[in-house]
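Secondary and tertiary structure notes
Given next are the chains, with one letter for each unit.
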Amino acid sequence: MNLLKSTGTIAGLTLVSRIFGFVRDILLARMLGAGAAADAWQLAFQLPNIFRRLFAEGAFSAAFVPLFNRKMEEDENRTAAQNFAIDVLSVFVPLLLVFSAVMMLVMPGIIWLIDDFGRGGRTDDFSISLARITFPYLGLISITTLFAAILNSLSKFAAAAAAPIMLNICMISALLAAHLVNDGNDPRQTAYFLAVAVATAGLVQMLWLYYWARKTGFRFPLKMPRFNADVKELGVLILPAVFGAGIYQISRFIDLFFLGRLPEGSFVYLAMADRLNQLPLGIIGIALGTAILPALSRFIAKEDQGGAQRLQSNAIELGLLLTIPAAIALFFAAGPLVTSFYVGGNFTAADGQTTAAVVAALVIGLPAYVLVKVLIPGFFARKDTKTPVYTAAISLIINIVLNLLLIPLYGIKGLAVAGAIAAWCNCAMLYTMLHRRGHFHLEWTLLLRIGRITLSAAGMAVVLVYAAPIGEGLYDGTVWQRVGSITALVSVGGLVYAALAWLTGAIDPDKITMLTKKKAAEDAASEGI
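The notes below deal with the structure included here.

Here is what the cut-offs are and how they apply
- Residues numbered from 1 in each chain as written.
- Predicted model: local features only at pLDDT ≥ 70, side-chain atom pairs only at ≥ 80, totals over all residues.
- Heavy atoms only, no water.
- Helix = DSSP H or I, 4+ residues; strand = E, 2+ residues; numbered from the N terminus.
- Buried < 20%, exposed > 50% of the residue type's maximum accessible area, 1.4 Å probe, protein only.
- Contact = heavy atoms within 4.5 Å.
- Areas by Shrake-Rupley, 256 points an atom, 1.4 Å probe, with all protein chains shown as cover.
- Phe/Tyr/Trp six-rings, centres within 6.5 Å; stacked < 30°, edge-to-face > 60°.
- Lys NZ or Arg CZ within 6 Å of the ring centre and 35° of its normal.
- Expected span 1.5 Å × (residues − 1).
- Bend = angle between axes of the 7 residues up to and from the residue.
- Disulfide = S-S within 2.5 Å.
- Salt bridge = Lys/Arg side-chain N within 4 Å of Asp/Glu carboxyl O.
- Core = buried A, V, L, I, M, F, W, Y, C linked by side-chain atoms within 4.5 Å.

1. Regarding the overall build of the chain
- A count of helices and strands for the chain gives 22 helices and 0 strands.
- Across the 529 residues of the chain, 56% fall into the buried class.
- Taking the contacts inside the chain whose residues are at least 6 apart along the sequence as the reference set, 85% of them involve residues at least 24 apart.
- For the chain, the exposed surface amounts to about 22000 Å²; the carbon and sulfur share of it is 68%.

So this is what it looks like as structure tokens:
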């Protein structure tokens, strides 16, 4: 597998999705602001997504992909893999239906729990009904995950990477429809439009990936659930993985719990800040993690330790080459970025200042989040889903303790810093375990490259500190002033980093050659680069 090509495919489509996501959030900020209706909407949207991430970004794919690949190796006709997928789907669908039904029934209690036991002013029929409308998205998108896992196992990444674009298109359409109906003057009605759009998007995404999975020759007839040996083996692998990913989602749920005790607008501030943080994380971290798991599984199945080491080293180098400068740029340019994207309409300058402070706190952990995405496949590919559970559990405890210490002092900024520190702790523990077992180690050449990347990004930071104030007054101006000033700031930072990275050797010329020359690219692909 050509890691650069696969990662580029996923990252490119994810970038398109993130751009649509920015458009969505710009409209959201202006139409909903940071008031009570906006908080209720963010809570309703995040609840199904917490559980979605449990499946789509971790446990299910991590457990399913190695077993599915093994079935593909056993039978060239794919019959074994076909039957395995059908058996899993037959069990998966009823479980999701039951779980979703139960969650919708107990939704008043969930909102009450998050809302400081009903004392935060968010426990009302409006918030509960929004959450109930959006929650079916979980079941639909989880079934979509199975189709995506099959396509990813076949190294067909494009269809699954394009699916999130549809969610953003549905939500943007809902916002535009709400504007036509009420000129954006009724935040509650706008929130209802959005809730219906999310549920609809789940159906659209499921049908999209179902179509592409069928295009590969697979069929998915409905049948009675069967807990055969293969499904039980998946359960044995997925339960600890679910718990491991679940610990992270428990951490997100606890964040909601703390947010429910903070002033009105806190849900919105964190959501808007996380959109900027998720841009590089989604494009780089998730793309790399998704791309390397199937290839890493194949290297390990062949007992090619050198290939596995090389693949993860290249993934870390590529990830940090892009993530470190992204984190530093977001830290120093958070104010201009937030002002340009969000401030306007019902989203005030004060809201923008708070959101910018949260962005600066969140991105402290950005490189760690990306590294975790690259390191975890090293365990999952070896069918070890337990170790990430232990490291995630310890990180969760660290996060809770830090929340209790920092939130009283710094409010929502303390919550963001606590999560960043916990992410670095998780990263350190994962690497230590891989190193001790002899599965992966950081070579001196890679460490030197990381040092050069950091030095180049630091030089860019100095330039941004002096360049950012030049555009002050334009960041909240007309559309063209905003676009022009931010484009100029980003371009200056990007060019300075690229120049310094080239001069310091942070960019490997050999790998650039591999990207630009056909024969070299083929050699890189054969080496798993």
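2. Re the packing of aromatic side chains
- Across all of its chains, the model carries 17 aromatic pairs by this definition.
- Taking the centre distance of 5.9 Å and the plane angle of 75° together, the rings of Phe117 and Phe257 count as edge-to-face. On the criterion of sequence distance, the pair formed by Phe117 in the loop between helix H5 (107-114) and helix H6 (125-134) and Phe257 in helix H10 (residues 229-259) is long-range, its members being 140 residues apart.
- On the basis of relative accessibility, which here comes to 23%, the residue Phe257 falls in the partly exposed class.
- Linked through ring pairs, Phe64, Phe68, Phe84 and Phe218 together constitute an aromatic cluster.
- Its end group placed over the ring of Phe117, Arg261 keeps NZ or CZ at 5.2 Å from the ring centre.
- Of note, Arg261 hangs over the ring of Phe257, and the distance from its end group to the ring centre comes to 3.2 Å.

3. Section: helix H17 (residues 387-410)
- In this model H17 runs 33 Å from its N-terminal to its C-terminal C-alpha over 24 residues, within 8% of the 34 Å that 1.5 Å per residue would give.
- The largest bend along H17 measures about 30° and falls at Asn403.
- Taken residue by residue, H17 has Thr387, Pro388, Val389, Thr391, Ala392, Ser395, Leu396, Asn399, Leu402, Asn403, Leu406 and Ile407 as its buried positions.
- The positive-phi residue at the C-terminal boundary of H17 is Gly411, with phi of around 65°.

4. Some points on the state of the cysteines
- A complete count under the given rule lists 0 disulfides for this structure.
- Summary of cysteine pairing: Cys425 is not part of a disulfide, and the nearest cysteine sulfur, belonging to Cys427, is at 9.9 Å.

5. Overview of the pattern of salt bridges
- By the definition in use, this model includes 7 salt bridges.
- Across the salt bridge formed by Arg70 and Glu233, the nearest N and O atoms sit 2.8 Å from each other. Here Arg70 is found in helix H3 (residues 59-74), whereas its partner Glu233 is found in helix H10, with 163 residues between them in sequence.
- What makes Arg70 partly exposed here is its relative accessible area of 28%.

6. Let's talk about the environment of Arg226
- Here Arg226 shows up in the loop between helix H9 (187-215) and H10.
- Classification of Arg226 by relative accessible area gives partly exposed; the value is 41%.
- Non-local contacts of Arg226, meaning those with residues more than four positions away in its chain, are made with Asp87, Ser90, Val91 and Val231.

7. As for the side chain of Gln42
- By secondary structure assignment, the location of Gln42 is in helix H2 (residues 36-56).
- Accessibility expressed as a relative area gives 7% for Gln42, which makes it buried.
- Once residues lying within four places of it in the same chain are set aside, the contact partners of Gln42 are Phe267, Val268, Ala271 and Met272.

8. Observations regarding the nonpolar core
- Counting residues in hydrophobic clusters, the biggest one holds 108 residues, and the most contacted among them are Trp41, Leu47 and Ile316.
- Apart from the residues within four sequence positions on either side, Leu47 is in contact with Met107, Ile110, Ile111, Ile114, Ala131, Phe135, Phe253 and Leu256.
- Of all hydrophobic cores here, the second largest spans 33 residues; its members include Leu67, Phe68, Phe84 and Met206.

The analysis is restricted to geometry; functional conclusions fall outside its scope.
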